[in-house]
Amino acid sequence: MRARLPITLALSLCCLSGYAQSERTTLFGFGRANQYDTYLSPLDYTGPQFSLSNRTLRTLARQPRVSFETQTQIEYSYTKNPTGTANEHAGAARFDAGWSYNWRNLAPGLSLSAGGLVGTDFGVLYNTRNSNNPAQARAGARLSATVGGTYRLRIKKRRLTFDYKASLPLLGCMFSPQFGQSYYNIFSQGNYDHNIIATHPGNALSLRQRLTVSIPVRKQAVTLGYASDLLQSKPHHLRQHQYSRYLLVGWTFLRQRKKTE
(Lines give C-alpha, C1' and ligand atoms only; values in the text may rest on other atoms or scores of the structure.)
Protein backbone atom coordinates (compact mmCIF):
# COMPACT_ATOMS: atom_id res chain seq x y z
CA MET A 1 0.00 0.00 0.00
CA ARG A 2 2.81 2.41 0.90
CA ALA A 3 4.64 1.59 -2.32
CA ARG A 4 1.59 2.47 -4.40
CA LEU A 5 1.14 5.95 -2.89
CA PRO A 6 4.20 7.60 -4.55
CA ILE A 7 3.22 5.99 -7.86
CA THR A 8 -0.34 7.37 -7.57
CA LEU A 9 0.95 10.85 -6.75
CA ALA A 10 3.38 10.73 -9.67
CA LEU A 11 0.62 9.72 -12.08
CA SER A 12 -1.56 12.56 -10.80
CA LEU A 13 1.22 15.07 -11.37
CA CYS A 14 1.78 13.73 -14.87
CA CYS A 15 -1.92 14.19 -15.62
CA LEU A 16 -1.82 17.75 -14.33
CA SER A 17 1.17 18.57 -16.53
CA GLY A 18 -0.86 17.52 -19.58
CA TYR A 19 -4.04 19.53 -19.23
CA ALA A 20 -5.89 20.55 -22.39
CA GLN A 21 -7.69 23.61 -21.01
CA SER A 22 -7.13 25.94 -18.07
CA GLU A 23 -9.71 28.42 -16.79
CA ARG A 24 -8.85 30.99 -14.13
CA THR A 25 -11.48 33.20 -12.52
CA THR A 26 -10.83 36.08 -10.11
CA LEU A 27 -13.83 37.60 -8.31
CA PHE A 28 -14.44 40.47 -5.91
CA GLY A 29 -17.40 40.05 -3.54
CA PHE A 30 -19.53 42.73 -1.87
CA GLY A 31 -22.39 41.82 0.46
CA ARG A 32 -23.71 41.32 3.98
CA ALA A 33 -22.69 38.96 6.78
CA ASN A 34 -24.52 37.68 9.86
CA GLN A 35 -22.11 36.57 12.61
CA TYR A 36 -23.08 34.65 15.72
CA ASP A 37 -20.72 33.12 18.29
CA THR A 38 -21.90 32.45 21.83
CA TYR A 39 -18.28 32.25 23.04
CA LEU A 40 -18.10 36.03 22.51
CA SER A 41 -21.70 37.25 22.66
CA PRO A 42 -25.31 35.97 22.76
CA LEU A 43 -26.29 38.47 20.03
CA ASP A 44 -26.26 38.38 16.24
CA TYR A 45 -23.90 40.83 14.56
CA THR A 46 -24.63 42.06 11.02
CA GLY A 47 -22.76 44.26 8.60
CA PRO A 48 -20.86 44.50 5.30
CA GLN A 49 -18.51 41.82 4.03
CA PHE A 50 -15.84 41.90 1.32
CA SER A 51 -14.08 39.00 -0.34
CA LEU A 52 -11.47 38.19 -2.96
CA SER A 53 -11.45 34.73 -4.52
CA ASN A 54 -9.53 32.90 -7.20
CA ARG A 55 -10.58 29.66 -8.89
CA THR A 56 -8.50 27.62 -11.34
CA LEU A 57 -10.12 24.78 -13.28
CA ARG A 58 -8.02 22.44 -15.44
CA THR A 59 -9.39 19.80 -17.80
CA LEU A 60 -7.02 16.87 -18.27
CA ALA A 61 -5.81 16.10 -21.77
CA ARG A 62 -5.78 12.31 -21.34
CA GLN A 63 -9.07 12.24 -19.41
CA PRO A 64 -11.24 15.04 -20.82
CA ARG A 65 -14.13 14.16 -18.51
CA VAL A 66 -11.95 14.73 -15.43
CA SER A 67 -11.04 18.19 -14.12
CA PHE A 68 -8.86 19.44 -11.28
CA GLU A 69 -9.90 22.54 -9.35
CA THR A 70 -8.30 24.85 -6.78
CA GLN A 71 -10.09 27.60 -4.87
CA THR A 72 -8.67 30.32 -2.62
CA GLN A 73 -10.63 33.01 -0.84
CA ILE A 74 -9.91 35.75 1.69
CA GLU A 75 -12.69 37.74 3.32
CA TYR A 76 -13.31 40.48 5.86
CA SER A 77 -16.49 41.64 7.59
CA TYR A 78 -17.31 44.53 9.92
CA THR A 79 -20.50 43.86 11.89
CA LYS A 80 -22.54 45.48 14.68
CA ASN A 81 -24.94 44.15 17.30
CA PRO A 82 -28.65 45.12 17.13
CA THR A 83 -28.22 48.08 19.51
CA GLY A 84 -25.06 49.39 17.80
CA THR A 85 -23.07 49.32 21.06
CA ALA A 86 -20.38 46.85 19.95
CA ASN A 87 -18.59 45.79 16.78
CA GLU A 88 -16.96 42.63 15.54
CA HIS A 89 -14.15 42.32 13.00
CA ALA A 90 -13.82 38.98 11.21
CA GLY A 91 -11.18 37.80 8.76
CA ALA A 92 -10.66 34.41 7.18
CA ALA A 93 -8.65 32.62 4.51
CA ARG A 94 -9.85 29.42 2.80
CA PHE A 95 -8.24 26.95 0.41
CA ASP A 96 -9.81 23.96 -1.37
CA ALA A 97 -8.60 21.55 -4.04
CA GLY A 98 -10.11 18.48 -5.62
CA TRP A 99 -11.31 16.49 -8.62
CA SER A 100 -14.59 16.39 -10.52
CA TYR A 101 -16.11 14.08 -13.13
CA ASN A 102 -17.99 15.84 -15.90
CA TRP A 103 -20.96 14.73 -17.98
CA ARG A 104 -20.80 16.95 -21.05
CA ASN A 105 -23.53 17.83 -23.55
CA LEU A 106 -26.33 16.04 -21.74
CA ALA A 107 -28.55 18.52 -23.57
CA PRO A 108 -27.60 21.30 -25.99
CA GLY A 109 -25.18 23.51 -24.04
CA LEU A 110 -25.68 21.68 -20.71
CA SER A 111 -22.98 19.88 -18.68
CA LEU A 112 -23.05 18.53 -15.12
CA SER A 113 -20.27 17.62 -12.68
CA ALA A 114 -19.78 15.89 -9.32
CA GLY A 115 -16.71 15.33 -7.19
CA GLY A 116 -14.96 16.22 -3.97
CA LEU A 117 -12.76 18.89 -2.39
CA VAL A 118 -10.23 18.79 0.44
CA GLY A 119 -9.93 22.14 2.17
CA THR A 120 -8.75 24.12 5.15
CA ASP A 121 -9.51 27.53 6.64
CA PHE A 122 -8.02 29.92 9.19
CA GLY A 123 -9.45 33.08 10.66
CA VAL A 124 -10.28 35.19 13.69
CA LEU A 125 -13.36 36.93 15.08
CA TYR A 126 -12.69 39.94 17.34
CA ASN A 127 -15.27 41.65 19.57
CA THR A 128 -14.43 45.26 20.48
CA ARG A 129 -16.58 45.23 23.63
CA ASN A 130 -15.14 42.21 25.44
CA SER A 131 -12.22 42.74 27.80
CA ASN A 132 -12.00 39.06 28.80
CA ASN A 133 -11.83 36.62 25.88
CA PRO A 134 -12.24 39.30 23.19
CA ALA A 135 -11.38 37.04 20.24
CA GLN A 136 -12.26 33.66 18.84
CA ALA A 137 -9.87 31.74 16.59
CA ARG A 138 -11.15 29.82 13.58
CA ALA A 139 -9.27 26.83 12.18
CA GLY A 140 -10.42 23.66 10.52
CA ALA A 141 -10.10 21.13 7.72
CA ARG A 142 -12.80 19.36 5.72
CA LEU A 143 -13.71 16.91 2.99
CA SER A 144 -16.62 18.22 0.89
CA ALA A 145 -18.87 16.75 -1.77
CA THR A 146 -19.51 19.01 -4.76
CA VAL A 147 -22.04 19.23 -7.56
CA GLY A 148 -22.18 21.70 -10.41
CA GLY A 149 -23.63 22.57 -13.75
CA THR A 150 -22.67 24.66 -16.77
CA TYR A 151 -25.02 26.01 -19.42
CA ARG A 152 -23.84 27.83 -22.53
CA LEU A 153 -26.27 30.13 -24.29
CA ARG A 154 -25.63 32.08 -27.46
CA ILE A 155 -27.22 35.53 -27.72
CA LYS A 156 -26.51 37.16 -31.07
CA LYS A 157 -22.72 36.88 -31.46
CA ARG A 158 -21.91 36.33 -27.78
CA ARG A 159 -21.82 32.98 -26.04
CA LEU A 160 -22.76 33.37 -22.38
CA THR A 161 -21.65 30.73 -19.88
CA PHE A 162 -23.76 30.16 -16.75
CA ASP A 163 -21.97 28.20 -14.02
CA TYR A 164 -23.36 26.85 -10.73
CA LYS A 165 -21.34 25.14 -7.98
CA ALA A 166 -22.35 23.87 -4.54
CA SER A 167 -20.24 22.17 -1.85
CA LEU A 168 -21.36 20.34 1.29
CA PRO A 169 -18.76 19.46 3.99
CA LEU A 170 -19.06 15.80 5.01
CA LEU A 171 -16.13 15.10 7.35
CA GLY A 172 -13.50 17.25 9.00
CA CYS A 173 -12.15 18.72 12.21
CA MET A 174 -12.08 22.14 13.87
CA PHE A 175 -10.55 23.94 16.81
CA SER A 176 -12.79 25.30 19.56
CA PRO A 177 -12.40 26.20 23.26
CA GLN A 178 -14.80 24.79 25.79
CA PHE A 179 -17.59 27.02 27.06
CA GLY A 180 -15.94 29.46 29.51
CA GLN A 181 -12.40 28.21 28.77
CA SER A 182 -9.97 31.03 28.03
CA TYR A 183 -7.22 30.93 25.43
CA TYR A 184 -4.78 31.78 28.24
CA ASN A 185 -5.64 28.49 29.92
CA ILE A 186 -5.17 26.55 26.68
CA PHE A 187 -1.89 27.99 25.43
CA SER A 188 -0.16 29.39 28.53
CA GLN A 189 -1.12 26.80 31.12
CA GLY A 190 -1.47 23.86 28.74
CA ASN A 191 -5.03 22.99 29.82
CA TYR A 192 -6.02 21.12 26.67
CA ASP A 193 -9.61 19.87 26.94
CA HIS A 194 -10.63 18.15 23.70
CA ASN A 195 -10.23 21.44 21.82
CA ILE A 196 -9.94 19.71 18.45
CA ILE A 197 -13.18 17.98 17.54
CA ALA A 198 -14.49 16.00 14.57
CA THR A 199 -17.09 17.71 12.38
CA HIS A 200 -19.88 16.25 10.28
CA PRO A 201 -23.35 17.35 9.08
CA GLY A 202 -24.76 16.49 12.52
CA ASN A 203 -22.75 19.20 14.33
CA ALA A 204 -21.55 21.44 11.47
CA LEU A 205 -24.15 21.44 8.70
CA SER A 206 -22.96 23.98 6.12
CA LEU A 207 -23.46 24.78 2.45
CA ARG A 208 -21.61 27.02 0.00
CA GLN A 209 -23.15 28.01 -3.34
CA ARG A 210 -22.11 30.18 -6.25
CA LEU A 211 -23.85 31.14 -9.50
CA THR A 212 -21.99 33.13 -12.16
CA VAL A 213 -22.39 34.22 -15.77
CA SER A 214 -19.37 34.92 -17.99
CA ILE A 215 -19.64 37.33 -20.91
CA PRO A 216 -16.84 37.09 -23.52
CA VAL A 217 -14.80 40.24 -24.12
CA ARG A 218 -11.92 39.69 -26.56
CA LYS A 219 -9.67 36.92 -25.16
CA GLN A 220 -11.22 36.88 -21.69
CA ALA A 221 -14.65 37.22 -20.09
CA VAL A 222 -16.31 39.55 -17.63
CA THR A 223 -17.85 37.44 -14.86
CA LEU A 224 -20.80 38.46 -12.70
CA GLY A 225 -22.50 36.39 -10.02
CA TYR A 226 -24.02 35.74 -6.63
CA ALA A 227 -22.66 33.67 -3.74
CA SER A 228 -24.16 32.30 -0.55
CA ASP A 229 -22.10 30.83 2.33
CA LEU A 230 -24.14 29.22 5.11
CA LEU A 231 -21.58 28.08 7.68
CA GLN A 232 -22.55 26.85 11.15
CA SER A 233 -21.32 24.57 13.93
CA LYS A 234 -22.16 23.47 17.49
CA PRO A 235 -18.89 22.63 19.31
CA HIS A 236 -18.73 22.13 23.09
CA HIS A 237 -22.20 23.59 23.87
CA LEU A 238 -21.29 26.69 21.84
CA ARG A 239 -23.18 27.86 18.79
CA GLN A 240 -21.56 29.54 15.81
CA HIS A 241 -22.73 30.64 12.42
CA GLN A 242 -21.70 32.88 9.58
CA TYR A 243 -24.32 33.56 6.94
CA SER A 244 -22.96 35.54 4.00
CA ARG A 245 -24.65 36.64 0.79
CA TYR A 246 -22.85 38.80 -1.70
CA LEU A 247 -22.59 39.89 -5.32
CA LEU A 248 -19.56 38.97 -7.42
CA VAL A 249 -17.75 40.81 -10.18
CA GLY A 250 -14.49 39.87 -11.88
CA TRP A 251 -13.02 38.24 -14.95
CA THR A 252 -12.18 34.81 -16.40
CA PHE A 253 -9.12 33.83 -18.46
CA LEU A 254 -9.29 30.78 -20.71
CA ARG A 255 -6.15 29.07 -22.01
CA GLN A 256 -5.98 26.17 -24.47
CA ARG A 257 -3.00 23.81 -24.68
CA LYS A 258 -2.08 20.93 -26.93
CA LYS A 259 -2.30 17.43 -25.56
CA THR A 260 0.99 15.99 -24.36
CA GLU A 261 2.26 12.76 -25.78
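Residues numbered from 1 in each chain as written. Predicted model: local features only at pLDDT ≥ 70, side-chain atom pairs only at ≥ 80, totals over all residues. Heavy atoms only, no water.

Asks: So what's going on with the side chain of E75? Residues and values would help.
Replies: Looking at the element boundaries, E75 is found in strand β3 (residues 66-80). Of the residues examined, E75 reaches a relative accessible area of 8% and is grouped as buried. Here Q73 takes part through its side chain, which lies 2.8 Å from a polar atom of the side chain of E75. A distance of 2.9 Å separates polar atoms of two side chains, one belonging to E75 and the other to R94. Apart from the residues within four sequence positions on either side, E75 is in contact with Q49, F50, S51, A90, G91, A92, R94, D229 and Q242. (Helix = DSSP H or I, 4+ residues; strand = E, 2+ residues; numbered from the N terminus. Buried < 20%, exposed > 50% of the residue type's maximum accessible area, 1.4 Å probe, protein only. Polar contact = N/O pair within 3.5 Å; in protein donor to acceptor, adjacent residues only side chain to side chain. Contact = heavy atoms within 4.5 Å.)

Asks: Could you give an account of the pairing of β3, naming the residues involved and the relevant values?
Replies: Bridge analysis of strand β2 (residues 45-60) against β3 gives 12 bridges, and the strand direction is antiparallel. From the neighbouring strand, N54 faces β3, where its bridge partner is T72. The turn joining β2 and β3, which pair antiparallel and follow one another in sequence, is formed by 5 residues. Examined bridge by bridge, β3 and strand β4 (residues 87-107) share 15 bridges and lie antiparallel to one another. Directly across from E75, in β4, lies its bridge partner A92. (Pairing = 2+ DSSP bridges.)

Asks: Please give an account of the confidence of the model for the protein that cites residues and values.
Replies: Per-residue pLDDT for the protein averages 88, and the proportion of residues at 70 or more is 89%. Low pLDDT (under 50) marks residues 1-16, which in the prediction has 5 contacts with non-local residues, meaning those over four places away or in another chain. (pLDDT = per-residue confidence, 0-100.)

Asks: Describe the environment of I197, naming the residues involved and giving the relevant values.
Replies: Structurally, the position occupied by I197 is in strand β8 (residues 196-199). For I197, a relative accessible area of 16% puts it in the buried group. Along the backbone, I197 and S176 are 21 residues apart, and their C-alpha atoms lie at a distance of 7.6 Å. Leaving out residues up to four positions away in the same chain, I197 has contacts with G172, C173, M174, P235 and H236.

Asks: With reference to specific residues and values, describe the pattern of salt bridges.
Replies: Summed over all chains, the structure comprises 9 salt bridges. A salt bridge links D96 to R142, with the shortest nitrogen-to-oxygen separation between them at 3.2 Å. Placement of D96 in strand β4 and of R142 in strand β6 (residues 135-155) is noted, with a sequence separation of 46 residues between them. Residue classification places D96 among the buried positions, given a relative accessible area of 4%. Three or more residues joined by partner-sharing salt bridges are found here, namely D96, D121, R142, R208 and D229. (Salt bridge = Lys/Arg side-chain N within 4 Å of Asp/Glu carboxyl O.)

Asks: Account for the packing of aromatic side chains, with residues named and values stated.
Replies: Per the counting criterion, the structure on display carries 6 aromatic pairs. Between Y39 and Y183, the aromatic rings sit 5.9 Å apart at their centres with planes inclined by 85 degrees, giving edge-to-face as the arrangement. You can see Y39 sitting in the loop between β1 (19-37) and β2 and its partner Y183 sitting in helix α2 (residues 183-187), a full 144 residues away along the chain. Per residue, the accessibility class of Y39 equals that of Y183, and both read buried. An angle of 70 degrees between the planes, with centres 5.1 Å apart, marks the rings of Y101 and W103 as edge-to-face. Connected via pairs of aromatic rings, a cluster forms that spans Y39, F175 and Y183. (Phe/Tyr/Trp six-rings, centres within 6.5 Å; stacked < 30°, edge-to-face > 60°.)

Asks: Residue-level account of the environment of Y192, with values.
Replies: Residue position: Y192 is located in the loop between α2 and β8. When the C-alpha positions of Y192 and Q178 are compared, they lie 9.6 Å apart, and in sequence the two are 14 residues distant.

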